[in-house]
Amino acid sequence: MQYHFNDIEAKWQKYWAENGTFHAQFPSDKPKYYVLDMFPYPSGAGLHVGHPLGYIASDVYARYKRLKGFNVLHPQGYDSFGLPAEQYAIQTGQHPAVTTKVNIEGGVDNQGNEIAGYRKQLDKIGFSFDWSREVRTSDPAYYKWTQWIFTLLFDSWYNRDTDKAEDIESLVSAFAKAGNQNIHAVCDDNIAAFTADQWNAFSEKEQQAILLQYRLTYLAETEVNWCPALGTVLANDEIVNGVSERGGHPVVRKKMTQWSMRISAYAERLLQGLEKIDWSESIKETQRNWIGKSVGAQVKFKIKNDVSSSAVENAYIEVFTTRPDTIFGVSFMTLAPELDLVQEITTPEQKAEVDAYIEATAKRSERERMADVKTISGAFTGAYAEHPFTKEPIPIWIGDYVLAGYGTGAVMAVPCGDQRDYDFANHFGIAIPNVFEGVDISEEAFADKDNTVIANSDFLNGLKYKKAVKLAIYELEKIGAGSGKTNYRLRDAVFSRQRYWGEPFPVYYKDGMPQMIALEHLPLELPEIEKYLPTEDGAPPLGRADVWAWDTKTNNVVSNDLVSSSAVEKSGDNGIYPLELNTMPGWAGSSWYFLKYMDNTTADGSIPKEALDYWGNVDLYIGGSEHGTGHLLYSRFWTKFLFDRGFITIDEPFQKMINQGMILGTSAFAYKFQAIDPDMLLSYPEVEMKNFFITENQSKLYETDTLTFFKIFEEKYPLFYNEIIEDIEKAKGCLKTFPVHVPVQFINASNELDIEGFAKWRPEFKEATFILEDGTSFSPSGGDVRRTEGASVYKVGREVEKMSKSKYNVVNPDDICNQYGADTLRMYEMFLGPLEQAKPWNTAGITGVHSFLKKLWKLYHSGTDGAFHVSDDAASKDSLKTLHKTIKKAEDDIENFSFNTSVSTFMIATNELTAQKCTSREVLAPLAILISPYAPHIAEELWSKLGQTTSISEATFPVFEAKHLVESSKEYPISFNGKMRFKLELPLDLSKDEIEAAVMANEKTQHYLEGRTPKKVIVVPGKIVNIVG
RNA sequence: GCCGAAAUGGCGGAAUUGGUAGACGCGCGCGACUCAAACUCGCGUUCCUUUGGAGUGUGGGUUCGAUUCCCACUUUCGGUACCA
């Protein structure tokens, strides 16, 4: 009987779906295990073979855990809001909800493109997902709760005293009782002090304005990339070389009022939490750097009125520094050009220069400013600050290497101790005072803290780094010019997007102040609009909605016309207010989705506490490391917040995480040989030179040995050859090879091109001439010599690139499933290489895994005419050894997520058992279980043929027994000076001395020693013998 | 620029704690089966100037012994705060 994988796979996929085989149980007596994949974004391009890599890995692990007796939750869903759907909507005029649905469920879009749909594609691969718990972020029933979490954040503040988020009501009552002076909150800087009496006397609007400075989500002015021509804000990766990717319009930095999340409140806990989760050290390090804790001092520098002519009085510049020990080395200050303070302090004489510089800076992206260390630029404001100790004037500059969003947006420049300050000072001719003892700073700054001894610094002289820092802070505090401070690089997260396809904010504006819509009136659904673009006056797309106002009396969305023009005044207030026009960012819905999977049984979509408590957090999370500082940080933030507010009992969402590497495409190239400029060929009047394809080798030959290359043309194209050969250099100047991407479907396992197929795909190459490997030529139009049997071939060149449509290297998993089966696809993806590494896909290699599955099938079908045959006879010693060796290795590998090596192990086991002619049930039944997480369909089929009536997923993972692997002797490698020369079989129970004696007595040892006496013999029993000398 | 990761035959990769470099698979070569092809099976396959020598991105170091540990560098990939 043949291995009919298509039938087998369809049969079992149907069985699993119909029987709910993989539905997680609740309640359950079993221990739980929660395996989750990072949320897929359902793009219109569909799945390529790179996408399922992580899903297969997590599926293998989930199935393994089931065999190990766990109640496994392994859900899947879609992060279905996002920019690509919106851009597709803008391009094609379709509602993103429609295209998103098609992308998930399949269908035909209005361009006539047939879309298979994510779900069908995933189903074909045979995942053990519990689809009954599917989640879509763009589903109002889901985003209702995203909106609710937002309102909860709005109604919360962070109390430093209890070190957690609390209900805003506790803050309000504290204010009413005692004002804000004894409140230790994470809040905006520079909040004015007020007493209880003052608070109680404030108007509601004033109170709301103050509370907004404490809330965990708040409105603030933030810098964005504004593209005036497109009337919208752009993401950094929508900007290429300072202009918009679409249309190439200029982009400037602009301030906008945006919703922000006070994630900075959680900086320390996000940092500490890393210690108790099992993630790769590298991604934890990425988050540590992102949070960027640094300990130092906040220092105030008074701005000198008498020196600058500015009108500012009693103004300070506050800086954060990690090196207060070098405070006597300050020779200038640098401010971020976009700070408001710059305008205030700049002297009239410097105004023109400063304004010009600010304008130039607005055109540069933040990333550009950080990355570019070569160009040094800045401008002098004309103003001076006063050194807190020496009272000397310090010139105040602006420079784009200082970013407004980091720290206070100002630095005290110590050129002798910081290279960027040093370069800046050098460039503008500013003094570089040396405050280090015995250090030469004539060439570069000295940043080594460990070897610092301070000099020229008054009371700090002679002190080392640590002591000097301590003393400097002490002295600063004494004169009221600063204090010790811990700073975090982590900035509050901007939460507004000027887009359509995202969650609407449950927010309306009364009297200009934001108000939340209560949970019972949610979800606030996205309004219909006719175009998904910003409005003409630059408002976000929701500004196009006519029905987008909130009636607080009926709690409904109503027409904008009803908003009273005098709504700001109490007298004309009809209770109808405008709604927020921004939407939430992509990370909103994905910051809590792992909780929603825990239950889908309630009518209102809430999650019962029992389910939250039972499932706890995700035990294993698999996804890409590119989410390191986005999704993975924001989810941790929301989890800690929901923990603080008592909704969940875990404060880390993902206990263990594995980051799978990207699967790259192997692009194929044909080399078009043609004139750089067709006109140049006129110098060869009798030659028509078009559409020649040469091979990769010939292309190389052309570069290195042009003469030999042209010999190819000598016989067949004498005219051309004669023309060319007259002046090789001239020919070389006008003829060149151009690599052309060839779709990988036209390439076989030996890199040979299906020329006819290629010419059919690109008809303009029908008449082209392909010079083959042996120099003969072929044209697909048939005008030339047909390729006959034994004729040469055209081999493409190959290069590894990102898998993408435009590179024609995309491989669709559906095609692989049809041709080889899902089990082969699953195994091959695992076999490719270590899960965590990036690796190229090459369909050619898949035959190895496929024939392994055929061999496995045969192992169970050794009867006449390939009939299923398994005996109840006792297994041979060898077969038991093979089995138990495989159990051990398979289990170790799976626990270490080393899936590629376990596939090899199965191959070795199958080869060995085939050679042993093993037919014993005792061996073949456990073997099927071992393989079932990887190749579940074939395993189920074999399992049922073995007479089982339940799914193999209900079986128990075989138990390893060491007794089958006991060895009595070892083939020792005998090395001389570390080089292995020969092997010697010796009993394992020999002592060190006995081994040495046996080795030295061996005649081969004497041969390799060539008469020398060994200086030393290293014997490691059970491992190796090394003879030195 | 900064942060993180990777580099081993023609290719994907293996070597779990410093102990036989190249498991397993692809490709390639030879052979069997076949009228023939495909499939399948068997054998071989790191390189070289082959009684031997070299070899895990480059250059150094530690060690009896280094793909593995240390130092310096090169290249490629990911992230860099509005792609997801």
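The structure presented is a predicted model; accordingly, all values stated were derived computationally and were not measured.

**Let's talk about the pattern of salt bridges**
Part 1 of the reasoning: One pass over the full model with this rule turns up 48 salt bridges.
Part 2 of the reasoning: Among the salt bridges present, the one from Lys-255 reaches Asp-340, with a minimum N-O distance of 3.3 Å. Here Lys-255, found in strand β12 (residues 252-261), pairs with Asp-340, found in helix α12 (residues 340-345); they are 85 residues apart in sequence, far enough to count as distant.
Part 3 of the reasoning: In this structure, Glu-536 and Arg-544 form a salt bridge, with 3.7 Å as the shortest nitrogen-oxygen distance.
Part 4 of the reasoning: A cluster of three or more residues bridged by salt bridges with shared partners is formed by Lys-276, Arg-636, Lys-640, Asp-651 and Glu-652.

**As for the nonpolar core**
Part 1 of the reasoning: Ranked by size, the top nonpolar core spans 90 residues in total, and within it Trp-259, Phe-495 and Trp-638 carry the most contacts.
Part 2 of the reasoning: Ranked by the residues each element gives to this core, the list is headed by helix α6 (residues 140-154), at nine residues.
Part 3 of the reasoning: Shared between two domains, this core takes at least three residues from each, and those domains are domain 1 (22-138 + 590-662) and domain 3 (504-582).
Part 4 of the reasoning: Ignoring sequence-local partners within four residues, the contact set of Trp-638 consists of Thr-146, Ile-149, Leu-153, Met-261, Phe-495, Trp-587, Ala-588, Ser-591 and Trp-592.
Part 5 of the reasoning: Counting residues in each nonpolar core, the second largest holds 85 residues, with Phe-127, Met-827, Trp-841 and Phe-957 among its members.

**Some thoughts on helix α1 (residues 5-19)**
Part 1 of the reasoning: Spanning 15 residues, α1 covers 21 Å between terminal C-alpha atoms, matching the ideal 21 Å at 1.5 Å per step.
Part 2 of the reasoning: Three or more residues of α1 are buried, namely Phe-5, Ile-8, Glu-9, Trp-12 and Trp-16. Seen from one end, α1 has its buried residues packed into an arc of 95°, which puts them on one side. More than 90 degrees from the buried face of α1, the exposed residues found are Asp-7, Lys-14, Ala-17 and Glu-18.
Part 3 of the reasoning: Summarising the contacts, the buried residues of α1 are in contact with α2 (52-67), α26 (813-819), α27 (822-831), α28 (846-859) and α32 (936-945).

**Quick word on the sheet that holds strand β24 (residues 556-558)**
Part 1 of the reasoning: As summarised here, the arrangement of the three strands in space is β24-β23-β25, forming an open sheet in which the pairing is antiparallel. Only two strands of the sheet have a single partner each, and these edge strands are β24 and β25 (576-578). The mean angle between the axes of side-by-side strands here comes to 35°, regardless of whether they run parallel or antiparallel.
Part 2 of the reasoning: Bridging between strand β23 (residues 549-551) and β25 involves three bridges; their strand directions are antiparallel. Along β25, the bridge assignment pairs Ala-549 with Pro-578.

**Considering the sheet that holds strand β36 (residues 979-987)**
Within a sheet, each strand pairs with its neighbour through backbone hydrogen bonds, oriented either parallel or antiparallel.
Part 1 of the reasoning: If you walk across this open sheet you meet the four strands as β36-β35-β38-β37, and the pairing is mixed. Two strands lie at the open edges of the sheet, namely β36 and β37 (1016-1020), each paired on one side alone. On average, each strand axis in the sheet is tilted by 20° relative to the strand beside it, whichever way the strands run.
Part 2 of the reasoning: The pairing of strand β35 (residues 969-976) with strand β38 (residues 1024-1028) spans three bridges and is classified as parallel. By the bridge assignment, Ile-974 is partnered in β38 with Val-1025.

**Here we look at the domain arrangement of chain A**
Part 1 of the reasoning: Partitioning chain A into domains gives domain 1 (22-138 + 590-662), domain 2 (293-488), domain 3 (504-582), domain 4 (664-801), domain 5 (821-833 + 841-964) and domain 6 (967-1028).
Part 2 of the reasoning: Each of domain 2 and domain 4 has a C-alpha centre, and the two are 62 Å apart.

**Section: the packing of aromatic side chains**
Part 1 of the reasoning: In total, this model carries 81 aromatic pairs according to the counting rule given.
Part 2 of the reasoning: Ring centres of Phe-150 and Phe-505 lie 5.0 Å apart, and the angle between their planes is 75°; this geometry places the pair in the edge-to-face category. Separated by 355 residues along the polypeptide, Phe-150 in helix α6 and Phe-505 in the loop between β20 (493-494) and β21 (507-510) bring together distant segments of the chain.
Part 3 of the reasoning: Ring geometry for Trp-587 versus Tyr-634: centroids 3.7 Å apart, planes at 15°, classification stacked. Here Trp-587, found in helix α17 (residues 587-590), pairs with Tyr-634, found in helix α20 (residues 631-644); they are 47 residues apart in sequence, far enough to count as distant.
Part 4 of the reasoning: The exposure class assigned to Trp-587 is buried, which follows from its relative accessible area of 10%.
Part 5 of the reasoning: Among the aromatic residues, those joined into a cluster by ring pairs are Tyr-33, Tyr-61, Tyr-64, Phe-70, Phe-897, Phe-899, Phe-906, Tyr-934 and Phe-957.
Part 6 of the reasoning: The aromatic ring of Trp-290 is capped on one face by Arg-489, whose charged end is 5.2 Å from the ring centroid.

**Let's talk about the packing of α6 against α20**
Part 1 of the reasoning: Two numbers describe how α6 lies on α20: the axes approach to 11 Å, and their chain directions differ by 65°. It follows from the interaxial angle that α6 and α20 lie roughly perpendicular. The handedness of the crossing between α6 and α20 is left-handed. Seen from α6, the contacting residues are Thr-146, Ile-149, Leu-152 and Leu-153; seen from α20, they are Phe-637, Trp-638, Phe-641 and Leu-642.
Part 2 of the reasoning: For the contact of α6 with α20, the per-class residue count stands at seven nonpolar, one polar and no charged.

**What about the protein's contact with RNA strand B?**
Part 1 of the reasoning: Near RNA strand B there are 67 residues, and of these Ala-235, Asp-237, Arg-367, Ser-750 and Leu-832 occur at the shortest range.
Part 2 of the reasoning: In the interface set of RNA strand B, defined as its atoms within 4 Å of the protein, sugar plus phosphate atoms amount to 64%.
Part 3 of the reasoning: Between RNA strand B and Asp-79, the relevant distance is 3.0 Å, taken from a sugar or linking oxygen to a side-chain nitrogen or oxygen of the residue.
Part 4 of the reasoning: A class-by-class count of the residues in the surface near RNA strand B yields 28 nonpolar, 19 polar and 20 charged.

**Considering α32**
Part 1 of the reasoning: Summarising burial for α32: eight of the ten residues are buried, a large majority.
Part 2 of the reasoning: Within the span of α32, buried status applies to Pro-936, His-937, Ile-938, Ala-939, Glu-940, Glu-941, Leu-942 and Trp-943.
Part 3 of the reasoning: Of the surrounding secondary structure, the elements contacted by the buried residues of α32 are α1, α2, α27, α28 and α31 (921-931).
Part 4 of the reasoning: One or two residues past the end of α32 sits Gly-947, with phi positive at roughly 100°.

**A closer look at the side chain of Arg-544**
Part 1 of the reasoning: Looking at the secondary structure, you find Arg-544 in the loop between β22 (513-516) and β23.
Part 2 of the reasoning: Residue classification places Arg-544 among the buried residues on the basis of a relative accessible area of 12%.
Part 3 of the reasoning: At 2.8 Å, the side chain of Arg-544 and the backbone oxygen of Pro-534 are in polar contact.
Part 4 of the reasoning: The residues touching Arg-544, leaving out its near neighbours within four places in the chain, are Ile-529, Glu-530, Lys-531, Leu-533, Pro-534, Thr-535 and Glu-536.

**Concerning the environment of Leu-522**
Part 1 of the reasoning: By the secondary structure assignment, Leu-522 is in the loop between β22 and β23.
Part 2 of the reasoning: Relative accessible area serves as the criterion here: at 6%, Leu-522 is assigned to the buried category.
Part 3 of the reasoning: Considering only alpha carbons, one finds Leu-522 and Lys-144, 378 residues apart in sequence, at a separation of 5.5 Å.

**Some details on the side chain of Glu-940**
Part 1 of the reasoning: Following the sequence through the fold, Glu-940 ends up in helix α32.
Part 2 of the reasoning: Nearest to the buried, unbridged Glu-940 among oppositely charged side chains is Arg-63, at 5.3 Å.
Part 3 of the reasoning: There is a polar contact of 2.8 Å between the side chain of Glu-940 and the backbone nitrogen of Ile-952.

Criteria and cut-off values
- Residue indices follow the written sequence of each chain, beginning from 1 at its first position.
- Chain letters and ligand numbers both follow the written order, the letters beginning at A and the numbers at 1.
- Per-residue local features of the predicted model are confined to residues with pLDDT of at least 70, and side-chain atom pairs are confined, for both listing and counting, to 80 or more; whole-chain, interface and lining totals are unaffected and use all residues.
- Side-chain measures here rest on the full set of heavy atoms in the structure, leaving out hydrogens and waters.
- By salt bridge we mean one thing: a side-chain nitrogen of Lys or Arg within 4 Å of a carboxyl oxygen of Asp or Glu.
- Helix and strand definitions here come from DSSP, where helices need a minimum of 4 consecutive H or I residues and strands a minimum of 2 consecutive E residues; each element is numbered from the N-terminal end.
- Side-chain atoms within 4.5 Å are what join buried Ala, Val, Leu, Ile, Met, Phe, Trp, Tyr and Cys residues into a set we call a nonpolar core.
- Type-normalised accessible area, obtained with a 1.4 Å probe on protein chains alone, sets the label of each residue: buried when under 20%, exposed when over 50%, and partly exposed for intermediate values.
- Note: domain ranges come from an automatic or database domain assignment.
- Two residues form a contact once any of their heavy atoms are found within 4.5 Å.
- Helix span, expected: 1.5 Å multiplied by one less than the number of residues in the helix.
- It is the directions from the helix axis to the C-beta atoms that the arc portrays.
- Strand pairing is defined by DSSP finding a minimum of two bridges between the two strands.
- Every axis corresponds to a line fitted to the C-alpha atoms, with the helix fit spanning only the stretch in contact, and the corresponding angles, defined between N-to-C directions, vary from 0 to 180 degrees.
- Each Phe, Tyr or Trp ring (for Trp, its six-membered ring) is paired with any other whose centre lies within 6.5 Å, and the angle between the two planes then decides the class: stacked below 30 degrees, edge-to-face above 60, tilted in between.
- Placement of a positive charge over a ring is assigned whenever Lys NZ or Arg CZ falls within 6 Å of the ring centre and within 35 degrees of the normal to the ring plane.
- Should an angle fall under 35 degrees it is called roughly parallel, over 145 degrees roughly antiparallel, and 65 to 115 degrees roughly perpendicular, with every other angle called oblique.
- Put simply, a crossing is left-handed when the front helix is turned counterclockwise from the back one by less than a right angle, and right-handed when it is turned clockwise.
- Residues are grouped as follows: nonpolar covers Ala, Val, Leu, Ile, Met, Phe, Trp, Tyr, Cys and Pro; charged covers Asp, Glu, Lys and Arg; every other residue, Gly included, is treated as polar.
- We call a residue near a given molecule or strand whenever any one of its heavy atoms falls within 4 Å of it.
- Between N or O atoms, a polar contact is any pair within 3.5 Å; within protein, one atom must be a potential hydrogen donor and the other a potential acceptor, and residues adjacent in sequence are included only when both atoms are from side chains.
- In this tally, Lys and Arg are treated as positive and Asp and Glu as negative; His is ignored, and so are the chain termini.

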